[in-house]
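# An overview of the molecular structure
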Amino acid sequence: MSATLSFTAPTEHGPQDITLAYTRVGAGEPLLLLHGIGHHRQAWDPVVDILATEREVTAVDLPGFGQSPALPHGLPHDLPTTNAVLAAFCAALGLDRPHVAGNSLGGLLALELGREDLVRSVTALSPAGFWSQAERRYAFTVLAGMRRTARSLPLPLVERLSRTAAGRTALTSTIYARPGRRSPEAVVAETLALAHAEGFAETLRAGRTVRFTDDVPGIPVTVAWGDRDRLLLPRQGVRAKHAIPRARLVRLRGCGHVPMNDDPAMVARVILDGSRAQEASALRTSFSTVGL
């Protein structure tokens, strides 16, 4: 089910009326999916049906991306504001402490939600925020270049390029290790999503000072990194493990920065295993309580 939800979010700048687009499918414990900068919720399409066999899956367009309008004028697209918006979105939709999985920017947001103890478990796929300054400048330069290219290409050319594996590689090889597997329709849609993302510039600007250095205590955390990630280099996963010592660090073999399309079965398994860790933890706690 695809829909939009309008709600009021209590932000640092006062209550704000927000509208977000989302898709909801499946049954089970709630799972929230968060995409990366310049992308949209359809990035998760390759894994949604698998996840929905065990979870009630909600994939949301972040503010200013996909079909979600930008935040109200004067409201920054930064981490505190976006997390306040996501927390209010979950409350309005009735998602009680969902599991959360995020990619890139979405992975960073997922970790922040976990640090604030708003979710049951976190799975972060190539999360932003574990970069050196040089690595951040490189990633932001690449992202800005991708945005300029997407905005400069006429739609007929994008459609023509998307019909061949070579064209899909030219358009998307920065984020996919296996761009030829992406469907022509998906490549066109995500190129347009990048070109038209209202929140892109402000979100990128807000990310200049971001580094994730805090632990995420009390909940299961999985950090997974594609070993062919060309945007946020895999060595950043080691820094994530140092920052979050209890996290499970997983290598996604043969996957790029957006791994859901490169190997849907493996990525879905990592996400489901990460959310099951919360169930196992709760079960161990129950046994300990009985033993007392």
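Residues numbered from 1 in each chain as written. Predicted model: local features only at pLDDT ≥ 70, side-chain atom pairs only at ≥ 80, totals over all residues. Heavy atoms only, no water.

### Considering the overall build of the protein chain
Helix and strand counts for the protein chain stand at 10 helices and 8 strands. In terms of its C-alpha atoms, the protein chain occupies a principal-axis envelope of roughly 65 × 45 × 40 Å. For the protein chain, the residues scored as buried account for 54% of the 292 residues in total. Here the analysis covers contacts within the protein chain between residues at least 6 apart in sequence; of these, 72% occur between residues at least 24 apart. Counting only carbon and sulfur atoms, one obtains 54% of the accessible surface of the protein chain, whose full area is about 12500 Å². The distance from the centre of the 32 positive side-chain charges to the centre of the 27 negative ones in the protein chain is 8 Å. (Helix = DSSP H or I, 4+ residues; strand = E, 2+ residues; numbered from the N terminus. Buried < 20%, exposed > 50% of the residue type's maximum accessible area, 1.4 Å probe, protein only. Contact = heavy atoms within 4.5 Å. Areas by Shrake-Rupley, 256 points an atom, 1.4 Å probe, with all protein chains shown as cover. Lys, Arg positive; Asp, Glu negative; His and termini not counted. Charge placed at Lys NZ, Arg CZ, Asp CG, Glu CD.)

### Things to note about the pairing of strand 5 (residues 99-103)
Along strand 5, 5 of the 5 residues are buried, which leaves the element largely enclosed by surrounding structure. Neither face of strand 5 is left uncovered, since the one carrying H99, A101 and N103 and the one carrying V100 and G102 both have all their residues buried. Pairing between strand 3 (residues 29-34) and strand 5: 4 bridges, direction parallel. Across the sheet, L31 pairs through a bridge with H99, a residue of strand 5. Direction of pairing for strand 5 relative to strand 6 (residues 122-125): parallel, over a ladder of 4 bridges. Paired with G102 across the strands is A124, a residue of strand 6. (Pairing = 2+ DSSP bridges.)

### Remarks on the packing of aromatic side chains
Under the definition given, this model contains 4 aromatic pairs. When the ring of F7 is compared with that of F89, the centres are 6.0 Å apart and the planes differ by 55 degrees; the resulting orientation is tilted. With F7 in strand 1 (residues 2-11) and F89 in helix 2 (residues 79-93), the pair connects residues that are 82 residues apart, well separated along the chain. By relative accessible area, which is 0% here, F89 ends up buried. Where F130 meets F212, the ring centres are 5.6 Å apart and the plane angle is 55 degrees; that geometry is what we call tilted. Of this pair, F130 sits in the loop between strand 6 and helix 4 (133-152) while F212 is found in the loop between helix 8 (200-206) and strand 7 (221-226), placing the two residues 82 residues apart along the sequence. Note on accessibility: F130 and F212 belong to one class, buried. Over the aromatic face of F140 sits the side chain of R136, whose NZ or CZ is 5.0 Å from the ring centroid. (Phe/Tyr/Trp six-rings, centres within 6.5 Å; stacked < 30°, edge-to-face > 60°. Lys NZ or Arg CZ within 6 Å of the ring centre and 35° of its normal.)

### Examining the pattern of salt bridges
What the rule picks out here adds up to 11 salt bridges. With a closest N to O distance of 2.5 Å, D61 and R41 form a salt bridge. Placement of D61 in the loop between strand 4 (55-60) and helix 2 and of R41 in the loop between strand 3 and helix 1 (45-51) is noted, with a sequence separation of 20 residues between them. Of the two residues, D61 and R41, neither departs from the other in class, the shared state being buried. (Salt bridge = Lys/Arg side-chain N within 4 Å of Asp/Glu carboxyl O.)

### Details of the side chain of R41
On the basis of relative accessible area, R41 is assigned to the buried category, the value being 5%. Beyond its immediate sequence surroundings of up to four residues, R41 is in contact with S2, A21, Y22, T23, H35, A59, V60, D61 and Q67.

### With respect to the nonpolar core
Core analysis: the largest hydrophobic core is formed by 84 residues, its most contacted members being L34 and F89. Tallying contributions element by element places helix 2 first for this core, with 7 residues. If near-sequence neighbours (up to four positions away) are discounted, L34 is found in contact with W44, V60, L62, L86, V100, A101, G102, N103, G106, L109, A110 and L113. (Core = buried A, V, L, I, M, F, W, Y, C linked by side-chain atoms within 4.5 Å.)

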